[in-house]
Amino acid sequence: MEPQQLDQNEQNPSEYRVLELFSGIGGMHYAIRRAGKPFRVVAAMEINPVANTIYNHNFGPGAAKNSNILSLTPERIHQLGANVILMSPPCQPFTRNGHFKDVEDRRADPFVHLCDLLDKIPQVRFVLLENVKGFERSQACEQYKVRLTAAGFFFREFILSPHDYGVPNTRHRYYCVAKRTPFEGPTQEIIVKPHNKHVKSLKSISEIVEPDDGDHLSRYLLKPDLLRKRLAIMDICTPDSRNSMCFTKAYTHYAEGTGSVYSPLAREEFDRIYAQIGLAEDAEEQDRLRASLKVRYFTPKEVARLMSFPEGFGFPKGTTDKQCYRVLGNSINVLVVSSLFDEME
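Scope of this entry: the structure provided in the associated data block.

1. Topic: the overall build of the protein
Each helix and strand in the protein was counted, giving 11 helices and 10 strands. In summary, the protein has a C-alpha radius of gyration of 22 Å against a globular reference of 20 Å for 345 residues, a match within 12%. Here the C-alpha coordinates of the protein stretch approximately 75 × 45 × 40 Å along the principal axes. Among the 345 residues that make up the protein, the fraction classed as buried is 53%. For the protein, contacts bridging at least 24 residues in sequence account for 75% of all contacts bridging at least 6. With the model as given, the accessible surface of the protein reaches about 16700 Å², and the carbon-plus-sulfur share is 51%.

Given below as structure tokens:
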């Protein structure tokens, strides 16, 4: 089913008609829904077939299309009736792992193409962009802001983390909100704290994890060999922890720097057992002590909760854990983005 094409005479002027680009698993869709804005997603475009399958599982068959953004034209945007663009372009060109190739990286081509469209889509009145922290120092970001200004947009920049909102997870990301009318207050400095009305009491990890009701979680336990080699460098959360590391698409593939792991033991008990490992007389006893810590990976459901996806969000049958972690690592925090729709006013 093709995205709904709206007759201009049928459009509600107060409705946000959203073109969701690099739509992934629907984080932006969930964010504007959470914000309570009147909206319709007129098209969701993404080239990752796994992400599209998950998007369509949650929003209905055909909701997201396997589409190359390089083929997007001003005429197509007008035909769709879009007046809002939400996007989270690939972050690899602006990261260490992507060698900071910036606009020279071919994965940045769709974003550069969108920059070229900005002055040709006067009906679009609001644009929200999310990317990795560090994007703000890139050539691509500078080019984007120049093009926004030339196209008649005003913009405001943010670097925010869900931890500042009360979520026990740190995930600093860059956001740029652009609209046709001026913002109140200064816009030159990057905003690094959310508005007070969005700040809640910090949750603990115990409020995020799934109940241990049998064998469901046993497959997420770390293997003995990995415990021997990598336990000392891992960021380990316990039920009373109030933070966790940023989860990346390489979670479970690499042990360091891709996200936290979890032990159901109280912190005091965990520390007591961990201290005994170095005092154990033989390797077998050390292995027994490590296993008693019950260290496991966070499940995809738990990672989705840390990224503020709603409880109704799910993965279609047959999606592997590896696929789940990869698309979650590439997604957004729904709560943080939902707060930025205040800037539409």
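Now, onward.
2. Here we look at the pairing of strand 5 (residues 126–132)
Burial within strand 5 is extensive, with seven of its seven residues counted as buried. Inspection of the sheet shows strand 4 (residues 84–87) paired to strand 5 by four bridges, in the parallel sense. Paired with Leu 86 across the strands is Leu 128, a residue of strand 5.

3. Remarks on helix 4 (residues 109–117)
Taken together, the buried positions of helix 4 are occupied by Pro 110, Phe 111, His 113, Leu 114, Cys 115 and Leu 117. The elements touched by buried residues of helix 4 are strand 1 (16–21), helix 3 (74–80), strand 4, strand 5 and helix 5 (139–150).

4. What about the side chain of Ser 244?
Relative to the assigned elements, Ser 244 resides in the loop between strand 8 (236–237) and strand 9 (261–262). Among the polar contacts made by the side chain of Ser 244, one reaches the main-chain carbonyl oxygen of Pro 168 at a distance of 2.7 Å.

5. Points about the sheet that holds strand 2 (residues 39–46)
Read across the sheet, seven strands follow the order 3-2-1-4-5-7-6 without closing on themselves; strand pairing throughout is mixed. Every other strand in the sheet has two partners, leaving strand 3 (65–66) and strand 6 (154–160) as the edge strands with one partner each. Bridge analysis of strand 5 against strand 7 (residues 173–179) gives seven bridges, and the strand direction is antiparallel. Looking at strand 7, one finds that Phe 126 is bridged to Lys 179.

6. A look at the side chain of Asn 52
Inspection of the secondary structure puts Asn 52 in helix 2 (residues 49–59). Since its relative accessible area comes to 6%, Asn 52 is described here as buried. One polar contact links the side chain of Asn 52 to the main-chain carbonyl oxygen of Glu 46, over a distance of 3.1 Å. Contacts of Asn 52, omitting those with residues within four sequence positions, involve Ser 23, Gly 24, Glu 46, Ala 64, Lys 65 and Asn 66.

7. A few points about the sheet that holds strand 10 (residues 296–297)
A sheet is described by the order of its strands in space; here three strands give the open sequence 8-9-10, paired in mixed fashion. With partners counted over all chains shown, the strands left at the sheet margins are strand 8 and strand 10, one partner each.

8. Section: the nonpolar core
Leu 128, Phe 298 and Phe 341 are the most contacted members of the largest nonpolar core, which totals 68 residues. Ranked by the residues each element gives to this core, the list is headed by helix 11 (residues 334–340), at five residues. Excluding residues within four positions of it along the chain, Phe 298 makes contact with Ile 205, Val 209, Cys 237, Phe 247, Tyr 251, Ser 260, Val 261, Tyr 262, Val 303, Leu 306 and Tyr 325. The next biggest cluster of nonpolar side chains, apart from the first, holds 34 residues, and it includes Ala 43, Met 45, Ile 69 and Leu 114.

9. Digging into the packing of helix 4 against helix 5
Two elements in contact, helix 4 and helix 5, have axes separated by 9 Å at closest approach and are oriented at 15 degrees. Put simply, helix 4 runs roughly parallel to helix 5. In this structure, helix 4 crosses over helix 5, and the sense of that crossing is left-handed. For the pair helix 4 and helix 5, the contacting residues are Phe 111, Val 112, Cys 115 and Asp 116 in the first and Ala 140, Gln 143, Tyr 144 and Arg 147 in the second. Considered class by class, the residues forming the contact of helix 4 with helix 5 number five nonpolar, one polar and two charged.

10. A few points about the environment of Glu 130
Mapped onto the fold, Glu 130 is located in strand 5. We classify Glu 130 as buried; its relative accessible area is 4%. Spatially, the C-alpha atoms of Glu 130 and Ser 88 are 4.8 Å apart, while their sequence positions differ by 42 residues. Not counting the four nearest positions on each side in its chain, Glu 130 is found in contact with Met 28, Met 87, Ser 88, Pro 89, Arg 173, Tyr 174, Tyr 175, Ser 331 and Ile 332. Of note is the side chain of Glu 130, whose polar atom sits 2.4 Å from the side chain of Ser 88.

Rules behind the numbers
Residues numbered from 1 in each chain as written. Predicted model: local features only at pLDDT ≥ 70, side-chain atom pairs only at ≥ 80, totals over all residues. Heavy atoms only, no water. Helix = DSSP H or I, 4+ residues; strand = E, 2+ residues; numbered from the N terminus. Rg over C-alpha atoms; globule rule 2.2 N^0.38 Å. Buried < 20%, exposed > 50% of the residue type's maximum accessible area, 1.4 Å probe, protein only. Contact = heavy atoms within 4.5 Å. Areas by Shrake-Rupley, 256 points an atom, 1.4 Å probe, with all protein chains shown as cover. Pairing = 2+ DSSP bridges. Polar contact = N/O pair within 3.5 Å; in protein donor to acceptor, adjacent residues only side chain to side chain. Core = buried A, V, L, I, M, F, W, Y, C linked by side-chain atoms within 4.5 Å. Axes fitted to C-alpha atoms, helices over the stretch in contact; angles between N-to-C directions. Parallel < 35°, antiparallel > 145°, perpendicular 65-115°, else oblique. Left-handed = near helix turned anticlockwise from the far one by under 90°. Nonpolar A, V, L, I, M, F, W, Y, C, P; charged D, E, K, R; others polar.

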